[in-house]
Amino acid sequence: MRSAPQCAAAHDGPVYDQSLLVTDHHLQNAVVWIKKGLDSWVFSPPSEPVMIDQKGCLYEPRVAAAMVHQPIVFRNSDAEAHNVHGRPQILSTWNFMMSRPGATRTLTFDKPEVGVPIGCDIHPWMAGSITVVGNPYFGVTKADGIVNLTKVPPGDYVVGVWHEKLGVKEQPVTLSPSGTASLKFELGG
Ligand SMILES: [Cu+2]
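Conventions we followed
- Residues numbered from 1 in each chain as written.
- Predicted model: local features only at pLDDT ≥ 70, side-chain atom pairs only at ≥ 80, totals over all residues.
- Heavy atoms only, no water.
- Pairing = 2+ DSSP bridges.
- Helix = DSSP H or I, 4+ residues; strand = E, 2+ residues; numbered from the N terminus.
- Axes fitted to C-alpha atoms, helices over the stretch in contact; angles between N-to-C directions.
- Donors = N, O, S within 2.8 Å, 3.2 Å for Na, K, Ca; no water.
- Buried < 20%, exposed > 50% of the residue type's maximum accessible area, 1.4 Å probe, protein only.
- Disulfide = S-S within 2.5 Å.
- Phe/Tyr/Trp six-rings, centres within 6.5 Å; stacked < 30°, edge-to-face > 60°.

## Some remarks on the sheet that holds strand β4 (residues 50-55)
Argument step 1. Here we have four strands laid out as an open sheet, ordered β5-β4-β7-β10, and mixed in their pairing. Among the strands making up the open sheet, the edge pair consists of β5 (58-60) and β10 (104-107). For this sheet, the mean inter-axis angle between neighbouring strands, taken without regard to orientation, is 20 degrees.
Argument step 2. Of the strand pairs in this sheet, strand β7 (residues 72-76) and β10 are connected by four bridges, and their pairing is antiparallel. Note on β10: the bridge partner recorded for Val73 is Thr106.

## Concerning the sheet that holds strand β13 (residues 138-140)
Argument step 1. Pairing in this open sheet of four strands is antiparallel, and the strands run β13-β3-β14-β15 from one edge to the other. In this open sheet, the two strands that pair with only one neighbour each are β13 and β15 (167-175). Recorded for the sheet is a direction-independent mean angle of 25 degrees between the axes of neighbouring strands.
Argument step 2. With five bridges connecting them, strand β3 (residues 31-36) and strand β14 (residues 155-163) associate as antiparallel partners. Bridge pairing links Lys36 to Val158 in β14.

## Side note on the coordination of the copper ion
Argument step 1. Bound to the copper ion on the protein side are His82 (ND1), Cys120 (SG) and His123 (ND1), at distances that span 2.0 to 2.1 Å.
Argument step 2. In terms of primary sequence, the donors binding the copper ion are separated according to H-x37-C-x2-H. With a gap of 41 residues between them, His82 in strand β8 (residues 82-86) and His123 in the loop between β11 (113-119) and β12 (127-133) connect regions that are remote in the sequence.
Argument step 3. Look at His82 and you get buried, because its relative accessible area is 0%.
Argument step 4. Judged by relative accessible area, His123 falls into the buried class, the value being 2%.

## Quick look at the pairing of strand β6 (residues 63-67)
Argument step 1. By the criterion of burial, β6 is predominantly enclosed, with five of the five residues buried.
Argument step 2. Alternating positions in β6 separate into two faces, Val63, Ala65 and Met67 on one and Ala64 and Ala66 on the other, with burial throughout.
Argument step 3. Across five bridges, β6 lies against β12 in parallel orientation. Note on β12: the bridge partner recorded for Ala65 is Thr131.

## Quick look at the state of the cysteines
Argument step 1. With the rule as written, the count across this model stands at one disulfide.
Argument step 2. Here Cys7 pairs with Cys57 through a disulfide, and the sulfurs are 2.0 Å apart. Between Cys7 and Cys57, the disulfide has an S-S torsion of -65 degrees and is therefore left-handed. Of the two residues, Cys7 sits in helix α1 (residues 5-8) while Cys57 sits in the loop between β4 and β5, which places them 50 residues apart along the sequence.

## Some thoughts on the packing of aromatic side chains
Centre-to-centre distance and the angle between the planes together describe a pair of aromatic rings.
Argument step 1. With the rule as written, the count across this model stands at four aromatic pairs.
Argument step 2. Pairing Phe43 with Tyr137 gives two aromatic rings, centres 5.6 Å apart and planes at 90 degrees, and the pair type is edge-to-face. Placement of the pair is Phe43 in the loop between β3 and β4 and Tyr137 in the loop between β12 and β13, with a sequence separation of 94 residues. Each member of the pair, Phe43 as well as Tyr137, is classed as buried.
Argument step 3. A ring pair is formed by Phe74 and Phe96, whose centres lie 6.0 Å apart and whose planes are at 75 degrees; its orientation type is edge-to-face. You can see Phe74 sitting in strand β7 and its partner Phe96 sitting in strand β9 (residues 94-98), a full 22 residues away along the chain.

Structure follows, in structure tokens:
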């Protein structure tokens, strides 16, 4: 970040790599979602957008998830220009500039895809991801490593987890009517 003094000036101290954040064995920024078992259901996307800010030349949040057709709003809070370059495998690639502070741009996606990398070609340390899910049952872990999926209809499911450094895992789960189920995932070593 030294190469861009205006970016560094937005931070009080050194800026550390945030690609792997673990606190007491709890993994942050892991995406959890229902991967299989909901094919016969149709869900409306939330009208509330998912916000991805560019602040201090970092993505906030670094790891985001949205439902298919849910608006994803990219915002540039910096005086620096950024471009938002998405590199999906399934969805269409995008790349646009955001030059003015306060500028926003909204994207929506019509198909799911897990862990689409996003980056800025001007500031190569800027890395993030967006996961697009076909149902409303997903979340991203905070420091406690937990995601709660609520109001899931009873049924047999496969739950997936994705992390940018530690890859993917999945587990089956059966949810009884009015029941709860908990799953524990272990990623890495
Ligand atoms: Cu940038």
